[in-house]
Amino acid sequence: MGPIASVFGYIMDFLFRITSSMGIMNIGLCIILFTIITKLLLFPLTIKQQESSKLMSLMNPEIKAVQNRYKGKTDQASMAKQQVEMQAVYEKYGSNPMAGCLPMAIQLPIIFALYRVIYNIPAYVPSVRVFFDNVANPLMGQPDYINKISELASGVGMAVDKVDYTVANKVVDMLYKLTPAGWDTLESLFPQISSTIAENASKIEQMNYFFGINLATPPFTGFNHITIAWIIPILAGLTQWISTKLISNLQQVDQDAPGASMMNSMMITMPLMSVFFCFSFASGIGLYWVAQSVFTIIQQVGINSYLNKVNIDDLVQKNIEKTNKKRAKKGLPPTKVGNVDEMLKKI
């Protein structure tokens with residue numbers, strides 16, 4: 001994920017430079033623009049996954065019928081026949097059991113890399129990092145630096161014994177977590193460079209704050225400290241529920257079909273997980289989560305409209321043509337739509 005995260009870091013840096021040149025030096029805005037760009041890049045995979053899901057909703061009754069026919073039969077011959085019949089159903093629709101999983105398998109490393117970038121912006125975005133370096137470099141040369149910076153790090157909940165604060169990267173990581181009160185404390189601890197700290201802290205605050213929310217710190221700091229940042233996990237859960245609902249409406253899953261219970265549980269667990277994670281992680285992660293959910297909702301409305309107008313026979317035929325091209329390359333004969341009966345005769 002390191003190389004992917006580095007590429008995304010350059011994209012974020014480009015966006016930051018563009019918005020800064022327009023007089024808007026804000027990480028929150030860059031995260032939103034970044035989210036839109038990555039969602040657009042992943043759009044072809046999203047369409048493919050949704051097409052597979054729509055086909056799956058049509059295939060489920062036939063798959064269920066096959067499963068019921070061999071329910072309770074565990075002998076090798078019956079299991080082999082079930083496998084052949086299941087394959088026949090997939091071939092009938094020109095689909096593949098892994099078709100819906102592949103796009104997600106591709107997207108997961110990308111999503112993890114995105115989180116890695118957003119969780120530690122200065123490490124991947126040079127245009128942001130420079131303001132932290134402006135403080136970190138002179139800071140490390142101050143008298144009694146280690147004792148004072150360890151005291152500050154402990155105050156913001158960062159490790160002291162296990163972190164080498166003579167390394168610039170570690171210092172920058174710590175500075176990224178500071179609140180305005182933390183920056184004030186830093187100035188008081190190092191009065192010799194207080195003007196340098198104040199100047200860069202002002203710019204960092206401008207970058208890090210989005211509608212009064214510090215994107216570098218988590219929203220939850222105790223039940224007795226409710227802040228405006230709590231709106232991020234609440235919106236994350238709400239938008240996640242809406243986007244999941246839209247996807248389930250497209251699939252029109254039979255409640256007795258395989259995977260229906262999992263889909264129903266996801267309708268509840270996914271939004272709750274969003275709320276939990278966004279309370280625990282830096283608010284920048286939560287902002288990304290909300291932005292991608294909102295964009296997913298907009299995107300899903302368009303996809304639902306498109307797929308509801310798609311002729312299923314045309315979609316199946318398109319899949320069959322793709323399958324036959326792959327079979328031809330392997331020297332295999334073409335498959336045909338509706339070949340279930342022919343395959344069953346071979347059993």
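The structure presented is a predicted model; accordingly, all values stated were derived computationally and were not measured. (Residues numbered from 1 in each chain as written. Predicted model: local features only at pLDDT ≥ 70, side-chain atom pairs only at ≥ 80, totals over all residues. Heavy atoms only, no water.)

## Notes on the packing of aromatic side chains
Then comes step 1: The tally for this structure, following the rule as stated, stands at eleven aromatic pairs.
Then comes step 2: With 5.1 Å between their ring centres and 85° between their planes, Trp230 and Phe279 make a pair best called edge-to-face. One end of the pair, Trp230, is in the loop between strand 2 (213–214) and helix 12 (231–251); the other, Phe279, is in helix 13 (residues 260–280), and 49 residues separate them in sequence.
Then comes step 3: Accessibility expressed as a relative area gives 15% for Trp230, which makes it buried.
Then comes step 4: Pairwise contacts between aromatic rings join Phe220, Phe223, Trp230 and Phe279 into one cluster.
Then comes step 5: Here the basic side chain of Lys148 rests over the ring of Phe190, its NZ or CZ set 5.4 Å away from the ring centre. (Phe/Tyr/Trp six-rings, centres within 6.5 Å; stacked < 30°, edge-to-face > 60°. Helix = DSSP H or I, 4+ residues; strand = E, 2+ residues; numbered from the N terminus. Buried < 20%, exposed > 50% of the residue type's maximum accessible area, 1.4 Å probe, protein only. Lys NZ or Arg CZ within 6 Å of the ring centre and 35° of its normal.)

## Some details on the nonpolar core
Then comes step 1: Counting 58 residues, the largest nonpolar core has Leu139, Ile149, Leu175, Trp183, Leu186 and Phe190 as the members making the most contacts within it.
Then comes step 2: If one sorts the elements of this core by residue count, helix 7 (residues 126–139) sits on top with six residues.
Then comes step 3: Membership of the second largest hydrophobic core comes to 16 residues, among which are Met59, Tyr93, Leu315 and Val316. (Core = buried A, V, L, I, M, F, W, Y, C linked by side-chain atoms within 4.5 Å.)

## Describing the environment of Ile63
Then comes step 1: Along the chain, Ile63 turns up in helix 3 (residues 43–69).
Then comes step 2: Classification of Ile63 by relative accessible area gives buried; the value is 3%.

## So, the packing of helix 3 against helix 4 (residues 76–92)
Then comes step 1: Between helix 3 and helix 4, whose axes approach to 10 Å, the crossing angle comes to 165°. What the angle tells us is that helix 3 and helix 4 run roughly antiparallel. Crossing of helix 3 over helix 4 shows right-handed handedness. Contacts from Met56, Met59, Glu62, Ile63, Val66, Gln67 and Arg69 of helix 3 reach helix 4 at Gln82, Glu85, Met86, Val89, Tyr90 and Lys92.
Then comes step 2: Split into classes, the residues belonging to the contact of helix 3 with helix 4 amount to seven nonpolar, two polar and four charged. (Axes fitted to C-alpha atoms, helices over the stretch in contact; angles between N-to-C directions. Parallel < 35°, antiparallel > 145°, perpendicular 65-115°, else oblique. Left-handed = near helix turned anticlockwise from the far one by under 90°. Contact = heavy atoms within 4.5 Å. Nonpolar A, V, L, I, M, F, W, Y, C, P; charged D, E, K, R; others polar.)

## Focus: helix 2 (residues 27–41)
Then comes step 1: Taking 1.5 Å per residue, 15 residues should reach 21 Å; helix 2 reaches 21 Å between its end C-alpha atoms and fits that length.
Then comes step 2: Looking only at helix 2, the buried set comprises Ile27, Gly28, Cys30, Ile31, Phe34, Thr35, Thr38 and Lys39. Looking down the long axis of helix 2, one finds its buried residues gathered within 165° of arc, a one-sided arrangement. (Expected span 1.5 Å × (residues − 1). Arc of directions from axis to C-beta.)

## Some words on unusual backbone geometry
Then comes step 1: The backbone of Asp144 sits at a positive phi, close to 55°, despite the residue not being glycine.
Then comes step 2: Within the secondary structure, Asp144 is located in the loop between helix 7 and helix 8 (145–155).
Then comes step 3: The exposure class of Asp144 is partly exposed, given its relative accessible area of 44%.
Then comes step 4: Phi at Phe211 takes a positive value of approximately 50°, unusual for a residue other than glycine.
Then comes step 5: Its place among the elements puts Phe211 in the loop between strand 1 (209–210) and strand 2.

## Focus on helix 8
Then comes step 1: Of the positions making up helix 8, those classed as buried are Tyr145, Ile149, Ser150, Leu152 and Ala153. With its buried residues spanning 165° around the axis, helix 8 presents them on a single face. Within helix 8, the exposed residues directed more than 90 degrees away from the buried face are Asn147, Glu151 and Gly155.
Then comes step 2: Residues of helix 8 that are buried in the fold lie against helix 7, helix 9 (168–176) and helix 10 (180–189).

## Digging into the pattern of salt bridges
Then comes step 1: Inspection of the entire model under this criterion finds four salt bridges.
Then comes step 2: Between Arg17 and Asp13 there is a salt bridge, with the nearest N and O atoms lying 2.9 Å from each other. With Arg17 and Asp13 both in helix 1 (residues 2–21) and four residues apart, the pair spans about one turn of that helix.
Then comes step 3: Measuring nitrogen to oxygen at the nearest pair gives 4.0 Å for the salt bridge that ties Lys203 to Glu199. Note that Lys203 and Glu199 are positioned in helix 11 (residues 194–208) at a spacing of four residues, about one turn of the helix.
Then comes step 4: Overall, the relative accessible area of 32% leaves Lys203 in the partly exposed class.
Then comes step 5: Relative accessible area serves as the criterion here: at 48%, Glu199 is assigned to the partly exposed category. (Salt bridge = Lys/Arg side-chain N within 4 Å of Asp/Glu carboxyl O.)

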